[in-house]
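In case you want the letters, here they are:
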Amino acid sequence: MNKIRFTANKDTNYVFHMLSVSKCGYNNVYSDQYAPLYPQEDLAVLKAHEQLITVCGGKHCGALYGIFVCEAACAKTSAKDYYTELMRKADGNDLPLALSLYREVILKLAAVMIKHYDHYVENIWSAERDRITQYIPAVEALFENNRFTERAEAAVGSTLPREFFTATLVTSVENGAEAIDISDEQDVFGIERSPLDAFYFIGHEYIIYLLFEALKEENAFKELNTWNITEGLAEYYLKQVLGDTRFFKPQEKYVLFFEQVNPQMQFNAVALYKKGFKFFSNAR
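Source: prediction; values computed, not measured.

What counts, and where the lines are drawn
- Residues numbered from 1 in each chain as written.
- Predicted model: local features only at pLDDT ≥ 70, side-chain atom pairs only at ≥ 80, totals over all residues.
- Heavy atoms only, no water.
- Helix = DSSP H or I, 4+ residues; strand = E, 2+ residues; numbered from the N terminus.
- Buried < 20%, exposed > 50% of the residue type's maximum accessible area, 1.4 Å probe, protein only.
- Phe/Tyr/Trp six-rings, centres within 6.5 Å; stacked < 30°, edge-to-face > 60°.
- Lys NZ or Arg CZ within 6 Å of the ring centre and 35° of its normal.

Thoughts on unusual backbone geometry
Positive phi, normally seen in glycine, also occurs at Asn-93, with a value near 55°. In this fold, Asn-93 is placed in the loop between helix H5 (79-91) and helix H6 (103-123). Backbone geometry at Phe-221 places phi at a positive 70°, although glycine is not the residue there. With respect to the helices, strands and loops of the structure, Phe-221 is situated in the loop between helix H9 (195-214) and helix H10 (227-242). When its relative accessible area of 31% is taken as the criterion, Phe-221 is described as partly exposed.

Okay, here's the thing in structure tokens:
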């Protein structure tokens, strides 16, 4: 059974839409198309705090990325309602202690997000939703026809702790960070690559989620300096499942290392991770 579900969500798309039009972490054709619809002073508010609200895999995670982007993008409630509640918390000094320093910044950022939500829903979302729903079937078919999730779980020796992995698709993140885990079962991907490329890219991230479970007792995913090793280990397992890889070129040396130390497939994910961490830590 394919455990990957695809979805188009207006609130997730809105969050990344606003990052894109303000060119916070993204600068692409989509940014250029929609940015002129917004007052430059509003986009400037977001842009002024770009480092706080953006992420770059293995290098940087903004202090407000979790509360401002990830939690809103999970779409447990509408983005408008989420940011309204966030403003209420900021106004009432009800923020987590570590974020209280950013109270005034949060109030400014949330106000911009609330201001433009209705316009997006009424005038933009329909066309972007159609783009996503037209894209999904070809990618979904590749996962259905290749028994990917079953084979990936067998290779890693781990299963998802939940029933499904949700790939939430957005239209605004070309040339920027994606494959963003906004919850323990939901990841954000763009739609600008071919279905086959998306199959490899999303497949890699599904394996990352299996590694979350397999390596939960290790230091993996807890520090930025483990990022290359876990990404390389995911690519190693992707190659075991599909026979080759397409992305994450900087991780090729990690794939080669894992192939060399595990020729008989005798080591599990934990043992391989430990070997990789030790070797590449000493090689610095």
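There's more to say after this.
Focus: the packing of aromatic side chains
Applying the stated criterion across every chain, the model contains 28 aromatic pairs. With a centroid separation of 5.0 Å and 55° between ring planes, the pair formed by Tyr-209 and Phe-212 is classed as tilted. Linking Tyr-209 with Phe-212, this pair stays in helix H9, spanning three residues, or about one helical turn. Where Tyr-254 meets Phe-280, the ring centres are 4.3 Å apart and the plane angle is 45°; that geometry is what we call tilted. Placement of the pair is Tyr-254 in helix H11 (residues 252-261) and Phe-280 in helix H12 (residues 269-282), with a sequence separation of 26 residues. Each member of the pair Tyr-254 and Phe-280 is classed as buried. Just above the ring of Phe-201 sits the side chain of Arg-193; from NZ or CZ to the centre is 3.9 Å. The ring centre of Tyr-200 lies 5.0 Å from the NZ or CZ of Arg-246, which sits over that ring.

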